[in-house]
Amino acid sequence: MNEIRQVILDMPKHIVDAVSIVKDFRVDGLINSVVITGMGGSAIAGDIMKSYLSDLRDLRVEVNRGYKLPVWVDENTLVIVCSYSGNTEETISCYKDAIRKKSKVLGIATGGKIKDMFNKNNHPLLILPKGMQPRNAICYLFFTSLKVLENSQLIPKQTTFIKDTIKAELIKPYGDVGSKKTAKYIPFWA
């Protein structure tokens, strides 16, 4: 429980770090759809991204879990290959599928086979810090993707949203705060 609490407390730092990892990186060319492919905790950021960007009419955002990409993926699709460990079998298979389909690709990982493959193929890769459970790296996974989409001019500027999220009060005590027995924490959105 303390680990999750610390992850929540560290979220503002994770967001700042994620934005600094991306810097000015962008993907050029015509892009009319984005597929975030990953499994487990690495795919959760994709689910959040799809929901967050659901009001956009000009950009299709889909999440893919599995060994193959959707049949409609083509050279105008940005495939974000998301594997915190860098060794997820299904995600590696989708990366190979994206190459066959001549899609634009971006890797997000801590290393592993994905790092080796992306370096060998000279494809762009954002390296995340190691040492977390994938679900605890949610801010890194979400905000690196978000910033790349912004830099690539696929979505509107996100500066205000990012700053407001960093400044948000992430936990609020409730119950009898003076007593360790009843002091509990809830996320700010609850």
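Computed from a prediction, not measured in an experiment: that's the story for all the values here.

Conventions we followed
- Residues numbered from 1 in each chain as written.
- Predicted model: local features only at pLDDT ≥ 70, side-chain atom pairs only at ≥ 80, totals over all residues.
- Heavy atoms only, no water.
- Phe/Tyr/Trp six-rings, centres within 6.5 Å; stacked < 30°, edge-to-face > 60°.
- Lys NZ or Arg CZ within 6 Å of the ring centre and 35° of its normal.
- Buried < 20%, exposed > 50% of the residue type's maximum accessible area, 1.4 Å probe, protein only.
- Helix = DSSP H or I, 4+ residues; strand = E, 2+ residues; numbered from the N terminus.
- Right-handed = clockwise from strand over helix to strand, strands pointing away.
- Pairing = 2+ DSSP bridges.
- pLDDT = per-residue confidence, 0-100.
- Contact = heavy atoms within 4.5 Å.

## Thoughts on the packing of aromatic side chains
For step 1, the next point in the chain: For the coordinates displayed, the defined rule picks out five aromatic pairs.
For step 2, the next point in the chain: Relative to Phe-143, the ring of Phe-142 has its centre 4.9 Å away and its plane inclined at 85°; by these criteria the two rings are edge-to-face.
For step 3, the next point in the chain: What links up through ring pairs into an aromatic cluster is the set Tyr-52, Phe-142, Phe-143 and Phe-161.
For step 4, the next point in the chain: When the ring centre of Trp-72 is taken as reference, the NZ or CZ atom of Arg-60 above it lies at 3.8 Å.

## A closer look at the pairing of strand S1 (residues 33–37)
For step 1, the next point in the chain: Most of S1 is tucked away: five of the five residues are buried.
For step 2, the next point in the chain: Burial of the side chains of S1 extends over both faces: Ser-33, Val-35 and Thr-37 are buried on one face and Val-34 and Ile-36 on the other.
For step 3, the next point in the chain: Assessed by its sense of winding, the connection that carries the chain from S1 through helix H2 (residues 40–52) to strand S2 (residues 60–64) is right-handed.
For step 4, the next point in the chain: The pairing of S1 with strand S3 (residues 77–83) spans five bridges and is classified as parallel. Counterpart to Ser-33 in the pairing with S3 is Thr-77.

## So, the confidence of the model for the chain
For step 1, the next point in the chain: In this model, the chain carries an average pLDDT of 89, and 88% of its residues clear a pLDDT of 70 or more.
For step 2, the next point in the chain: When the criterion is pLDDT under 50, residues 171–190 qualifies, and its contacts beyond four places in sequence or with other chains add up to 26 contacts.

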